[in-house]
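Here is how the chains run, residue by residue.
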Amino acid sequence: SGTEIVTDVVVIGAGPCGLFAAFELGLLDIKCQFIDILDRAGGQCAELYPEKPIYDIPAFPVITGQGLTDNLLTQIAPFQPEFHFSRMVTSLEKQADGTFRLTTDADEVFLSKVVVIAAGGGSFQPKRPPVDGIEPFEGKSVFYSVRKMEDFRGQDVVIVGGGDSALDWTLNLQPIVRSLTLVHRRNAFRAAPDSVNKMQKLVGDGKISLQIGQIAGLEGEDGQLRRIHFSTDAGDVSIPATRLLPFFGLTMKLGPVADWGLELNDNLIVVDTEKFESSVPGIFAIGDINHYPGKLKLILSGFHEAALMAQAAKKIVSPDERVIFQYTTSSTKLQKKLGVA
Ligand code: FAD
């Protein structure tokens, strides 16, 4: 059986709006547990447009998707949020005592007084590589994300892709695997230049190998891979492999959010504009996933929604505490929480 985590607030989704919620909740002494399908924070900003400039974040004339994410992570660091990456929240239920029970596809249970759904466009789901007969291997020796690095120790690992996930995991797993082959269809990478340089150095040092080509077939039995076949310009190549990590990009689907019994409008969670609470008291929805009259799917709207949500969440988490309105500029109490006073 899995892990059980008891907490005040679970935030589903570590996109920009979810991240800023940790700041507003933190000022009210509430700590967050984040759960996200992706293997890093930033949601659409980090996954879909890390290098693109955004021009409408207040007080930032220009900032990239990754830059915004990095700044938000710095801003919320004093509140020490906990991140549970590479897992999807599959179920969310209200219990008899009024608290919520969430489960993830990584076999965890979260028990929480408040749930903040900041699930954006819904769940990012990995694209399957176009290779026949991959399904029986999925979850056994073919994985679309790395949950536990230990599962890869001593294995013959093949990573396919040319983006940040493929390159980051090549660098992170290399020290613990038995062998590692990175496969990409062309000799040009979309990942951060620094990661590409590090990868090329490992290739030069003979620590990993790089194949330019495409997966053509999988060999193995009972879900356990033995060999992988590739087609390359130089002809067909086959290498021993016990783990395959394809990073072929992601598509967005509403996913399990649809099944949680919340009132929806065109697949978006209906909320009020005072607290951004859903039709189930204690479950809030902020950012792109929510709907109310006049909603604009902008990051700045999500920031405002997070601030009002936090006030309402505080009343549920600490019903007897009176919250006094304070400015971060002038309140030493708030500054102490931020570690600046
Ligand atoms: P998201 O960023 O979508 O993050 C949601 C997170 O929730 C994801 O990481 C997802 O993996 C996770 N999640 C979902 N379901 C689950 C689940 N069941 N379990 C676990 N995790 C889950 N906005 C602007 O304001 N200005 C711009 O200039 C701008 N430019 C854009 C350019 C592009 C190319 C795109 C695609 C969007 C742009 N946007 C812009 C929109 C902006 O990115 C979104 O408004 C913003 O990302 C919404 O943030 P969010 O936190 O609500 O959700």
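Calculation rules
Residues numbered from 1 in each chain as written. Predicted model: local features only at pLDDT ≥ 70, side-chain atom pairs only at ≥ 80, totals over all residues. Core = buried A, V, L, I, M, F, W, Y, C linked by C-beta atoms within 7 Å. Buried ≥ 20, exposed ≤ 12 C-beta atoms within 10 Å, placed from the backbone. Helix = DSSP H or I, 4+ residues; strand = E, 2+ residues; numbered from the N terminus. Contact = placed C-beta atoms within 7 Å. UniProt positions renumbered as here; feature names shortened; annotations may be inferred. Axes fitted to C-alpha atoms, helices over the stretch in contact; angles between N-to-C directions. Parallel < 35°, antiparallel > 145°, perpendicular 65-115°, else oblique. Left-handed = near helix turned anticlockwise from the far one by under 90°. Nonpolar A, V, L, I, M, F, W, Y, C, P; charged D, E, K, R; others polar. Pairing = 2+ DSSP bridges. pLDDT = per-residue confidence, 0-100.

Undergrad: Tell me about the nonpolar core, and please be specific about residues and values.
TA: Grouped burial of nonpolar side chains is what soluble globular proteins tend to show. Grouped together as the largest cluster of nonpolar side chains are 55 residues, with contacts concentrated most on Ala21, Val116 and Ile117. Residue contributions to this core peak at 8 residues, all from helix H1 (residues 16-27). Contacts of Val116, omitting those with residues within four sequence positions, involve Val9, Val11, Ile12, Gly18, Ala21, Phe284, Ile286 and Met309. Counting residues in each nonpolar core, the second largest holds 30 residues, with Val158, Ile159, Ile208 and Leu225 among its members.

Undergrad: Lay out the UniProt feature "domain: FAD/NAD(P)-binding" (unreviewed entry) in the protein chain in plain terms, naming residues and giving numbers.
TA: Look at the UniProt record and you will see "domain: FAD/NAD(P)-binding" (unreviewed entry) annotated at residues 8-293. Annotated as residues 8-293, this span is 18% helix and 34% strand, and its ends, taken at the C-alpha atoms, are 29 Å apart.

Undergrad: Quick rundown of the packing of H1 against helix H3 (residues 65-76)? Include the residues and the values.
TA: Direction vectors running N to C along H1 and H3 enclose 20°, while the axes themselves pass 9 Å from each other. When the interaxial angle is binned, H1 and H3 end up roughly parallel. Classified by chirality, the crossing of H3 by H1 is left-handed. Between H1 and H3, the contacting residues are Pro16, Leu19, Phe20, Ala22, Phe23 and Gly26 on the first element and Leu68, Thr69, Leu72, Leu73, Gln75 and Ile76 on the second. A breakdown of the residues in the contact of H1 with H3 according to their chemical character gives 9 nonpolar, 3 polar and no charged.

Undergrad: Please set out the environment of Ile283 residue by residue, giving values where relevant.
TA: Checked against the element boundaries, Ile283 lands in strand E19 (residues 283-285). C-alpha separation for the pair Ile283 and Lys113, spaced 170 residues apart in sequence, amounts to 9.1 Å. Setting aside anything within four residues of it in sequence, one finds Ile283 in contact with Val115, Ile117, Leu262 and Ser278.

Undergrad: Before we move on, can you summarise the sheet that holds strand E17 (residues 264-265) with the specific residues and values?
TA: Pairing is mixed across the open sheet formed by 3 strands, whose spatial order is E17-E18-E20. Only two strands of the sheet have a single neighbouring strand rather than two, namely E17 and strand E20 (290-291).

Undergrad: Report on the environment of Lys295, specifying residues and quantitative values.
TA: You can see Lys295 is positioned in the loop between E20 and helix H6 (299-317). Between the C-alpha atoms of Lys295 and Thr273, which are 22 residues apart in sequence, the distance is 9.6 Å.

Undergrad: Now, about the sheet that holds strand E11 (residues 179-184): what can you tell me, with residues and values included?
TA: With mixed pairing, 6 strands are arranged side by side in an open sheet as E14-E13-E12-E11-E10-E15. Of all strands in the sheet, those with a lone pairing partner are strand E14 (235-240) and strand E15 (243-246), marking the two edges. The mean angle between the axes of side-by-side strands here comes to 35°, regardless of whether they run parallel or antiparallel. As paired elements, strand E12 (residues 209-221) and strand E13 (residues 224-232) share 8 bridges and run antiparallel to each other. For Gly220, the partnering residue across the bridge sits in E13 and is Leu225. Running at roughly 160° to strand E10 (residues 156-160), helix H4 (residues 164-173) makes contact with E10, E11 and E15 of the sheet.

Undergrad: Quick one: what's the story with H4, residue by residue and with numbers?
TA: Within H4, 8 of the 10 residues are buried, which leaves it mostly tucked inside the rest of the structure. The set of residues buried in H4 consists of Asp164, Ser165, Ala166, Leu167, Asp168, Trp169, Thr170 and Leu173. Buried-residue contacts for H4 involve E10, E11, helix H5 (193-204) and E15.

Undergrad: Please provide a residue-by-residue account of the confidence of the model for the protein chain, values included.
TA: Residues of the protein chain with pLDDT of at least 70 account for 100%, and the chain-wide mean is 95. The complex prediction reports pTM at 0.85, with the ipTM value standing at 0.99.

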